[in-house]
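Working through the structure, step by step
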Amino acid sequence: MRRAVDSDAVGIADVWLRSFAAALPTVRRAHGDDEVRSWFSSVVVPRHETWVGVAEGSVIGLLVLDGEELEQLYLDPSWRGRGVGDRFVDLAKEQRPDGLGLWTFQVNGPARRFYERHGFIEVERTDGLRNEEHEPDVRYAWQP
């Protein structure tokens, strides 16, 4: 795991796209593939604390922190269940030892169980009208 550099943006976006499709097949994506790639290249990597997991020269996962928010944590579907997500959460906690918050979709049961296993507590649910996908979501918080 290492901090992302500009040249990682395409690989990061591709992992995000594959992961979103695999984990959230019923959730409407708010942006097309090209918009997602542009967003990672022009906004996420240059402006946010972005970390990548790399194996055999390819990005296999990503973690994005923005202040006290864990904004993004996505793994290439072929790397789920191998401990990479656990390492990303540990890294996020090391980087933000005073606590973290995050949002995930209510329909994403595996992600919710994952975060709960790592000590995140559900603190809020919404009807999804405030997110771009208009999908009911849930807020989690972790405090040391």
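Located above this text is the structure these notes cover.
Let us look at the structure shown here. (Residues numbered from 1 in each chain as written. Predicted model: local features only at pLDDT ≥ 70, side-chain atom pairs only at ≥ 80, totals over all residues. Heavy atoms only, no water.)

1. Some details on the pattern of salt bridges
Side chains bearing opposite charge may pair, as long as their charged atoms lie close to each other. Spelled out, the test is: Think of a salt bridge as a Lys or Arg side-chain nitrogen and an Asp or Glu carboxyl oxygen that are within 4 Å of each other. The rule is simple: take the accessible area with a 1.4 Å probe, protein chains only, and divide by the maximum for that residue type; under 20% is buried, over 50% is exposed, in between is partly exposed.
For the structure on display, the rule yields 10 salt bridges. Its salt-bridge partner being Asp8, residue Arg2 comes within 2.7 Å of it at the nearest N-O pair. Classification of Arg2 by relative accessible area gives partly exposed; the value is 35%. Note on Asp8: relative accessible area 7%, which makes it buried.

2. Concerning the packing of helix 3 (residues 84-95) against helix 4 (residues 109-117)
This is how the line gets drawn: To obtain an axis, a line is fitted to C-alpha atoms, over the contacting stretch when the element is a helix, and the angle between two such axes runs from 0 to 180 degrees between their N-to-C directions. Secondary structure is summarised from DSSP: a helix means a run of H or I of at least four residues, a strand means a run of E of at least two, and numbering begins at the N terminus for each. Here roughly perpendicular refers to angles of 65 to 115 degrees, roughly parallel to angles under 35, roughly antiparallel to angles over 145, and oblique to all remaining angles. Crossings are assigned a handedness: left-handed for a near helix turned anticlockwise from the far helix by less than a right angle, right-handed for a clockwise turn. For this analysis, residues touch if any pair of their heavy atoms sits within 4.5 Å. Residues are grouped as follows: Ala, Val, Leu, Ile, Met, Phe, Trp, Tyr, Cys and Pro are nonpolar; Asp, Glu, Lys and Arg are charged; all remaining types, including Gly, are polar.
Their axes nearest at 11 Å, the elements helix 3 and helix 4 cross at an angle of 50°. With respect to helix 4, the element helix 3 is oriented oblique. Note that helix 3 runs across helix 4; the crossing there is right-handed. Of helix 4, the residues touching helix 3 (which contributes Gly85, Asp86 and Val89) are Phe114, Tyr115 and Arg117. Residue composition of the contact of helix 3 with helix 4, by class: 3 nonpolar, 1 polar and 2 charged.

3. A short note on helix 3
Definition in use: The span one expects for a helix is its residue count, reduced by one, times 1.5 Å.
An ideal rise of 1.5 Å per residue puts 16 Å on 12 residues; helix 3 measures up with 16 Å between its terminal C-alpha atoms. Those residues of helix 3 that fall on the buried side of the exposure criterion are Val84, Gly85, Phe88, Val89, Leu91, Ala92 and Lys93. The secondary structure elements touched by the buried residues of helix 3 are strand 2 (49-55), strand 3 (58-66), strand 4 (69-75), strand 5 (100-105), helix 4 and strand 7 (137-142).

4. As for the side chain of Asn131
Counted only if it meets this: Pairs of N or O atoms are called polar contacts if they sit within 3.5 Å, as long as, within protein, a hydrogen donor faces a hydrogen acceptor (for residues adjacent in sequence, only side-chain-to-side-chain pairs).
Relative to the helices and strands, Asn131 resides in the loop between strand 6 (121-126) and strand 7. Take Asn131: its relative accessible area is 12%, and that puts it in the buried class. At 3.2 Å, the side chain of Asn131 forms a polar contact with the backbone nitrogen of Glu133. Here Asp137 takes part through its side chain, which lies 3.0 Å from a polar atom of the side chain of Asn131. If sequence neighbours within four positions are ignored, Asn131 has contacts with Phe105 and Asp137.

Worth remembering: the numbers are spatial, not functional.
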